[in-house]
Amino acid sequence: MDKSTFEDRKLINGQMHASLRHDSAHKHVIGSADYIDDIPEPSDLLHGALGLSDRAHAEIVAMDLSEVQTYPGVVWVFTGKDIPGVNDISSNGSHDEPLLAETKVEFHGQPIFAVIAQTREIARRAARKAKIEYRDLPHWSDIDGAIDNGSPLVITPMTLKRGEPETEMANAPRRLTGRMRIGGQEHFYLESHIAMAIPGEDDEVAVWSSTQHPSEVQHIVGHVLHIPSNAVTVNVRRMGGGFGGKETQGNQFAALAAIAAKKLKRAIKFRPDRDEDMSATGKRHDFRVDYELGFDDEGRIHAVDATYSARCGFSSDLSGPVTDRALFHADSSYFYPHVHLTSQPLKTHTVSNTAFRGFGGPQGMLGAERFIEEIAYAVGKDPLDIRKLNFYGKPGSGRTTTPYHQEVEDNIIARVVEELEESADYRARRNAIVAFNRDNRYIRKGIALTPVKFGISFTMTAFNQAGALVHIYQDGSIHLNHGGTEMGQGLYTKVAQVLADSFQVDIDKVKITATTTGKVPNTSATAASSGSDLNGMAAFDAARQIKERLVAFAAEKWGVPADEVVFLPNRVRVGDLDIPFPDFIKQAYLARVQLSAAGFYKTPKIHWDRKAGRGTPFYYFAYGAACSEVSIDTLTGEYLVDRTDILHDVGRSLNPAIDIGQVEGAFVQGMGWLTTEELWWDDKGRLRTHAPSTYKIPLASDRPKIFNVRLAEWSENAEATIGRSKAVGEPPFMLAISVLEALSMAVASVANYRVCPQLDAPATPERVLMAVERMKRV
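Right, let's walk through the structure included here. Small disclaimer: the values here were computed from a predicted structure and weren't measured.

1. With respect to the overall build of the protein chain
No. 1: Counting its regular elements, the protein chain contains 20 helices and 29 strands.
No. 2: Taking 2.2 N^0.38 as the reference for a compact globule, 778 residues should give roughly 28 Å; the C-alpha atoms of the protein chain span a radius of gyration of 27 Å, in line with that estimate.
No. 3: On the principal axes, the C-alpha backbone points of the protein chain span a range of 85 × 80 × 50 Å.
No. 4: Counting across all 778 residues of the protein chain, residues that qualify as buried make up 62%.
No. 5: Put simply, of all contacts in the protein chain between residues at least 6 apart along the chain, 80% involve residues at least 24 apart.
No. 6: Taken as a whole, the protein chain presents about 29,100 Å² of accessible surface, with 50% of it coming from carbon and sulfur.
No. 7: When the 87 basic and 100 acidic side-chain charges of the protein chain are each reduced to a single mean position, those positions are 2 Å apart.

Structure representation (structure tokens):
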């Protein structure tokens, strides 16, 4: 391609790698973006509410719902016995999660029955009139309680092993043991769970669901109604946030709405309020990491042995793959010569925990950073030096094999860290902070620079596939549909850019349409940071098919070689002719060229043997680094995040503006998980942090006072991803670990940095204060 043609291509308003606005940004700002609760309601719409248990673990002895049924405005009350199909909404075929509990409840807030009424308020008030008699059973709500009571595991655990960890641990020059507790997290999406079902003829039902996984909702609805998937159509235009919380947890609301819709032959909507949503839906898994480390006097790791115990809740849900991914990221960015890692997915009498941004990876990575911190204090060095000493090496170094036996071939973490270390002026600032702490009694500062290496792909190989449907209409306008869902992350915009770039048309010529199981079947959840990778490639494949037909048509019609048919901005050059794109498409239609294609993509190279604990579960790794500086008040434990500098790797960004927004948002959300967000259950198994009044997400004022975010513009994915880009959804979440590590340094200054503070997460002001008091006694 000559230079003039290349410059010509740059004029297009829709090419990949351009900072275009989110397609719904203006709608979000002015409030015109339609969510399910904004859809005009059918005239006969009824509303549903849940009847929830008030015991953590008990047998249901008797249930009197007569006052619920006779409450004015109530139309129908149903229990598990009224489900026409199977009373099960488990996402993994384990059959351990009933839609409505029938004989036993296993967590406080578990749905037992559903009320359908004229209004949502009536349904909610009526649900409280139930009289249920229980026989209480022993319960435990946390990891320690589960271990002490010999709790069963919700799924078979996984073990990763490489080398000779037992022998090398015994032979290591230095050894230490420790324990870290890592808290869970509520998703706190702005739009709570919601579903609306409208019955069709015969066995058909249409469902509007706020879900990241329309195909699973389709499957679950078919399951509970005992109808085939082809009778269920699930629609998702957008969600008001998801973060993993809408991967499986929306199943119950869609299923309940569909059951009532088919029974009553009327439209049904379920929308729990925030308290019910937080009580009845799963969260990020809490972890306890018990570890033993072998290392030398330089701080180089010799051996690691660690057990990752997780609070999974009453059923398995996604706890298997979540705890697996924690082990996959228990190395963070570090090479462990000899390693033994085990998961313990423990059953607790709490809501079943589920996917959350990072999917276990943050917990595994946080444990690894604690290992580094412990070693650094033990040998009296800057933790950053210990990090750099233990980084994975380059191919051929003998330091590239992960605990799951995948080779790290694309390692750029050393360059990312070194660039950030220099641009953030880390060394000079750390020296200044040490001097500041020496001269100040009550206010102490800390600084930390931490890395991120995050594997991209679903570890369930079958999920690494996607489809897309593309139509070009006679006027040259383009219709795009794919299996990915939009939860604010900009996926729709990125995939539309891929299509606009393929045909070289302005992006406003591409119509982005709601995700629906009626157009693209058997889709994977929009999760694992793979939405753009999978759906972008599927759309690209559909465009490729159509373009091949168009090129063949033009070459034959105008008698030119195929290589003389070139797509240019909003036109097609055929030999010496320049034809406007709409005119060209009209000509193709008249010549009966097929202008529609179903694209498909499956991720290559990946495979995984869980039983053996080895394989290549990830197509590539995304990298990043963050340097954070904090100040703490040693009298109260309160703190401020003074500054954060981030350098993050997204390969060749499909949309830098959107990606920077994802990095910023992920960091602040991760910061909330590690500092202010604390889940707490009382001795009766009741979640007491179930509303904004008791659960503290970060506010705009909590962001770093100085916040510098850059993308590694020199990076390009070595693998053949769409536009050589990399995933951005989950990896930057772990950048927030730098805040916890900086807080730890500030606390350690109280004891003159002699011992590791062992600051657990979340590092609330109370926990920081208690750590300070411990340091005073050292």
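Read on for the rest.
2. Some words on the pattern of salt bridges
No. 1: Taken as a whole and assessed by the stated rule, the structure comprises 52 salt bridges.
No. 2: Of the charged contacts, one joins Lys131 and Glu67 as a salt bridge, the two residues approaching to 2.8 Å between their closest N and O atoms. Note that Lys131 is positioned in strand 6 (residues 131-136) and Glu67 in helix 3 (residues 66-69), a separation of 64 residues in sequence.
No. 3: Residue Lys131 is classed as partly exposed on the basis of its relative accessible area, which comes to 49%.
No. 4: Residue classification places Glu67 among the partly exposed residues on the basis of a relative accessible area of 36%.
No. 5: Among the ionic pairs, Asp578 bridges to Arg573, the shortest N-O distance being 3.0 Å.
No. 6: Taken together, the salt bridges that share partners define one network made up of Asp382, Asp385, Lys388, Glu421, Arg427 and Arg430.

3. Regarding the nonpolar core
Side chains of nonpolar character tend, in soluble globular proteins, to be buried together.
No. 1: Ranked by internal contacts, the top residues of the largest apolar core, which has 159 residues, are Phe503 and Leu550.
No. 2: The leading source of residues in this core is helix 16 (residues 531-558), at 11 residues.
No. 3: In contact with Phe503, not counting residues within four places along its chain, are Ile472, Ile478, Ala543, Ile546, Lys547, Leu550, Phe567 and Phe581.
No. 4: Among the nonpolar cores identified, the runner-up in size contains 37 residues, and Leu46, Leu100, Val234 and Phe253 belong to it.

4. Here's the deal with helix 12 (residues 383-390)
No. 1: Inspection of helix 12 places Pro383, Leu384, Ile386, Arg387 and Asn390 among the buried residues, and these make up the whole buried set. Projected down its long axis, helix 12 carries its buried residues within an arc of 160°, all on one side.

5. Let's talk about the environment of Ala257
No. 1: Among the secondary structure elements, Ala257 is positioned in helix 8 (residues 251-264).
No. 2: Take Ala257: its relative accessible area is 0%, and that puts it in the buried class.
No. 3: Sequence separation between Ala257 and Ala428 is 171 residues; the distance between their C-alpha atoms is 60 Å.
No. 4: The contacts of Ala257, once residues within four sequence positions are left out, are Ala195, Ala197, Ile268 and Phe270.

6. So, the state of the cysteines
No. 1: Counted under the stated rule, the structure contains 0 disulfides.
No. 2: Here Cys627 stays free of any disulfide, with the sulfur of Cys756 as its closest cysteine sulfur at 19 Å.
No. 3: On the basis of relative accessible area, Cys756 is assigned to the buried category, the value being 11%.

7. Some remarks on the packing of aromatic side chains
No. 1: Overall, the coordinates contain 21 aromatic pairs when judged by the stated rule.
No. 2: Measuring from centroid to centroid gives 5.9 Å for Tyr334 and Phe391, while their planes differ by 5°, and the two rings are stacked. In this pair, Tyr334 is assigned in the loop between helix 10 (319-328) and strand 15 (338-347) and Phe391 in the loop between helix 12 and helix 13 (413-423), connecting sequence segments 57 residues apart. Each member of the pair Tyr334 and Phe391 is classed as buried.
No. 3: The ring of Phe188 has Arg274 lying over it, and the distance from NZ or CZ to the ring centre is 4.4 Å.
No. 4: Between Arg284 and the ring centre of Trp673, over which it is positioned, the NZ or CZ distance is 5.1 Å.

8. Quick notes on the sheet that holds strand 16 (residues 443-456)
No. 1: Across the sheet, 4 strands lie side by side as 16-27-28-29; this open sheet has mixed pairing. Of all the strands in the sheet, the pair left with one neighbour each is strand 16 and strand 29 (706-711). Strand-to-strand twist across the sheet, computed as the mean angle between neighbouring axes with direction ignored, equals 15°.
No. 2: In this sheet, strand 29 lies alongside strand 28 (residues 639-648) in parallel orientation, the contact comprising 6 bridges. The partner of Ile646 across the bridge, within strand 29, is Val709.

9. What about the sheet that holds strand 15?
No. 1: With respect to topology, 5 strands assemble into an open sheet ordered 7-15-14-13-8, the strand pairing being mixed. Edge positions in the sheet fall to strand 7 (159-162) and strand 8 (174-182), since each has one partner strand and no second. Across the sheet, the mean angle separating the axes of adjacent strands is 10° when strand polarity is ignored.

10. Notes on the side chain of Thr523
No. 1: With respect to the helices and strands, Thr523 occurs in the loop between strand 20 (515-516) and helix 16.
No. 2: Apart from the residues within four sequence positions on either side, Thr523 is in contact with His213, Ser215 and Gly483.

11. Some words on the side chain of Thr721
No. 1: Tracing the chain through its elements places Thr721 in the loop between strand 29 and helix 19 (737-748).
No. 2: Among the residues examined, Thr721 registers a relative accessible area of 8% and is labelled buried.

12. Remarks on the packing of helix 7 (residues 214-225) against helix 8
Relative placement of two packed helices is described by the angle separating their axes and the distance separating the axes.
No. 1: In the contact formed by helix 7 and helix 8, the axes pass within 9 Å of each other and the chain directions differ by 45°. By the angle class used here, helix 7 and helix 8 are oblique. Note that helix 7 runs across helix 8; the crossing there is right-handed. Each of Glu216, Val217, Ile220, Val221, Val224 and Leu225 in helix 7 lies in contact with helix 8, whose residues at this interface are Asn251, Ala254, Ala255, Ala258, Ile259 and Lys262.

13. Brief notes about helix 18 (residues 656-675)
No. 1: When the terminal C-alpha atoms of helix 18 are compared, their 28 Å separation across 20 residues agrees well with the 28 Å that a helix rising 1.5 Å per residue should span.
No. 2: Within helix 18, 14 of the 20 residues are buried, which leaves the element mostly enclosed by the surrounding structure.

Cut-offs and rules
- Residues numbered from 1 in each chain as written.
- Predicted model: local features only at pLDDT ≥ 70, side-chain atom pairs only at ≥ 80, totals over all residues.
- Heavy atoms only, no water.
- Helix = DSSP H or I, 4+ residues; strand = E, 2+ residues; numbered from the N terminus.
- Rg over C-alpha atoms; globule rule 2.2 N^0.38 Å.
- Buried < 20%, exposed > 50% of the residue type's maximum accessible area, 1.4 Å probe, protein only.
- Contact = heavy atoms within 4.5 Å.
- Areas by Shrake-Rupley, 256 points an atom, 1.4 Å probe, with all protein chains shown as cover.
- Lys, Arg positive; Asp, Glu negative; His and termini not counted.
- Charge placed at Lys NZ, Arg CZ, Asp CG, Glu CD.
- Salt bridge = Lys/Arg side-chain N within 4 Å of Asp/Glu carboxyl O.
- Core = buried A, V, L, I, M, F, W, Y, C linked by side-chain atoms within 4.5 Å.
- Arc of directions from axis to C-beta.
- Disulfide = S-S within 2.5 Å.
- Phe/Tyr/Trp six-rings, centres within 6.5 Å; stacked < 30°, edge-to-face > 60°.
- Lys NZ or Arg CZ within 6 Å of the ring centre and 35° of its normal.
- Pairing = 2+ DSSP bridges.
- Axes fitted to C-alpha atoms, helices over the stretch in contact; angles between N-to-C directions.
- Parallel < 35°, antiparallel > 145°, perpendicular 65-115°, else oblique.
- Left-handed = near helix turned anticlockwise from the far one by under 90°.
- Expected span 1.5 Å × (residues − 1).

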